[in-house]
Each structure stands twice: as structure tokens, then as C-alpha cells.
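Structural overview for review
Listed here are the chains, written in short residue letters.
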Amino acid sequence: SRVIVADNGPPGEHTHVYSRDWHVDIDVLDLDHDIGIGACRAALVEAVTEPYLWMGDCDMAFCRPGYLARLREILDSDAQLGGVSGWLVEGDTVRSGARDLEVVGSTLVKTGAEPRTETDPLPHARFEFVPQCGLFRREVFDTYGYDDALRSHEHMDFFLGHREAGEWTFASTPVVQVLHN
């Protein structure tokens, strides 16, 4: 296993963390300080050569072992699925964070549309927008990737671009929970 970290913090701030003895290889992309999350995510995608990419934030962790394999099982069940997210555990709340998208005038809105649920191979529902705590096919980013000029809301742009391209679908599953602090 390989972990790639896009570090855009103050230079050297996390060296003590990266230099520890981990059970996986850690590759650190030492990016310009405060370059923005769009640039961080774009750099991660560019660095990945494997066919799958777990995209998450530094304040996220799987609640149980084996969750990555469950996301992959769902992803591999349908070649049109570009990514599958888990549900977020935030304090006493568990939520999907997944929605469909609608453009109202010049505003992009996440809607509460009725989910398209499936149970094979594991329960999941399709949405146009899923949280950034998921497993994605690397090739999804060839269709539409993260805009490195966006300092925030890069995920909204990413999913809107995919909605407009129409090549991939996305899903969220309650079977996988991701701790989000």
C-alpha cells in the first residue's frame, strides 16, 4: 500500500509525522504553502499511477478495517461507477452528505432528490455529488479533474463537471463509515 500526502502547510511543519515508521509507504508532495485544496487534489491525482485512488481529507479516518475493500467491491460491480463514498460520522451524527445537483440561475444547489438505491453487491445509492471520502477510479480524472485554481469548493466543480460530461456515475454507501473530525 502507498499513501500520498499533498502537504501545503508551512514548510517542515509535519516532518516528524511523515518520518515515523509506518506500515505503508508514504510519499509526501511538498507543495507551496497555502496553495489551495484544488491544487492539492490535482497534484494527488497527477501523482497516482494505480487504477484506484482514495480521496479524503486529513481529518478523516475509516471507522473499521476492511472498509476500502467494501468500497472497491461496489465500484467493481459497475463499470459506469466512477467513485463510491462512505457515510460521515461527525460526533453523534451519521450522514451521507450525498446529493444531486441543480443549477438555479447562476447558483449551484445540492438538492435532496430521491436516491436511486441498489443492493448488489452491497447497499448503495447513486448521486451526482458524494463526499470526498471515497474510492475513485483513476480514469475518472481524465474525463474531468480538480481545478487547481480553486482554493475551495473544488469538489462542487468536480462533480458538476462530471454531471455535464455524463460519462460517470457516483454512489454513497452506509456500509462504510468515515470518521470526520
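Described below are features of the structure shown in this document. (Residues numbered from 1 in each chain as written. Predicted model: local features only at pLDDT ≥ 70, side-chain atom pairs only at ≥ 80, totals over all residues. Heavy atoms only, no water.)

1. A short note on the packing of aromatic side chains
In this structure the tally under the stated criterion is 12 aromatic pairs. Consider the rings of Tyr146 and Phe158, whose centres lie 4.7 Å apart with planes at 20 degrees: the pair is stacked. With a gap of 12 residues between them, Tyr146 in the loop between helix 4 (140–143) and helix 5 (154–165) and Phe158 in helix 5 connect regions that are remote in the sequence. For Tyr146, a relative accessible area of 8% puts it in the buried group. Classification of Phe158 as buried rests on a relative accessible area of 0%. Through a chain of ring-to-ring contacts, the aromatic side chains of Phe129, Phe136, Phe141, Tyr146, Phe158, Phe159 and Phe170 assemble into a single cluster. Directly above the aromatic system of Trp22 lies the positively charged group of Arg20, at a separation of 4.5 Å from the ring centroid. For the cation-ring pair, Arg41 lies above Tyr146, with the distance from its terminal atom to the ring centre recorded as 5.8 Å. (Phe/Tyr/Trp six-rings, centres within 6.5 Å; stacked < 30°, edge-to-face > 60°. Helix = DSSP H or I, 4+ residues; strand = E, 2+ residues; numbered from the N terminus. Buried < 20%, exposed > 50% of the residue type's maximum accessible area, 1.4 Å probe, protein only. Lys NZ or Arg CZ within 6 Å of the ring centre and 35° of its normal.)

2. A word on helix 5
Taking 1.5 Å of rise per residue, the 12 residues of helix 5 would be expected to cover 16 Å, and the 17 Å separating its terminal C-alpha atoms lies within 8% of that figure. Those residues of helix 5 that are buried lie in contact with helix 2 (37–47), strand 7 (100–104), strand 8 (107–111), strand 11 (134–137), helix 4 and strand 12 (169–180). Gly166 lies just past helix 5 and shows a positive phi near 70 degrees. (Expected span 1.5 Å × (residues − 1). Contact = heavy atoms within 4.5 Å.)

3. A look at the environment of Ser19
Within the element layout of this structure, Ser19 appears in the loop between helix 1 (15–18) and strand 2 (25–30). The exposure class of Ser19 is exposed, given its relative accessible area of 56%. Taking the C-alpha atoms as reference points, Ser19 and His124, 105 residues apart in sequence, are found 38 Å from one another. Within the local environment of Ser19, its side chain forms a polar contact with the backbone oxygen of Thr15, the two atoms lying 3.0 Å apart. Polar side-chain contacts of Ser19 include one of 3.5 Å to the backbone oxygen of His16. (Polar contact = N/O pair within 3.5 Å; in protein donor to acceptor, adjacent residues only side chain to side chain.)

4. Description of the pairing of strand 12
Direction of pairing for strand 4 (residues 60–62) relative to strand 12: antiparallel, over a ladder of 3 bridges. Counted as the bridge partner of Ala61 is Leu179 from strand 12. Sheet analysis places strand 5 (residues 81–90) next to strand 12, joined by 7 bridges and oriented parallel. The partner of Gly83 across the bridge, within strand 12, is Phe170. Direction of pairing for strand 10 (residues 124–127) relative to strand 12: antiparallel, over a ladder of 3 bridges. Counted as the bridge partner of Phe127 is Phe170 from strand 12. (Pairing = 2+ DSSP bridges.)

Note that all results are geometric; they support no functional claim without further evidence.
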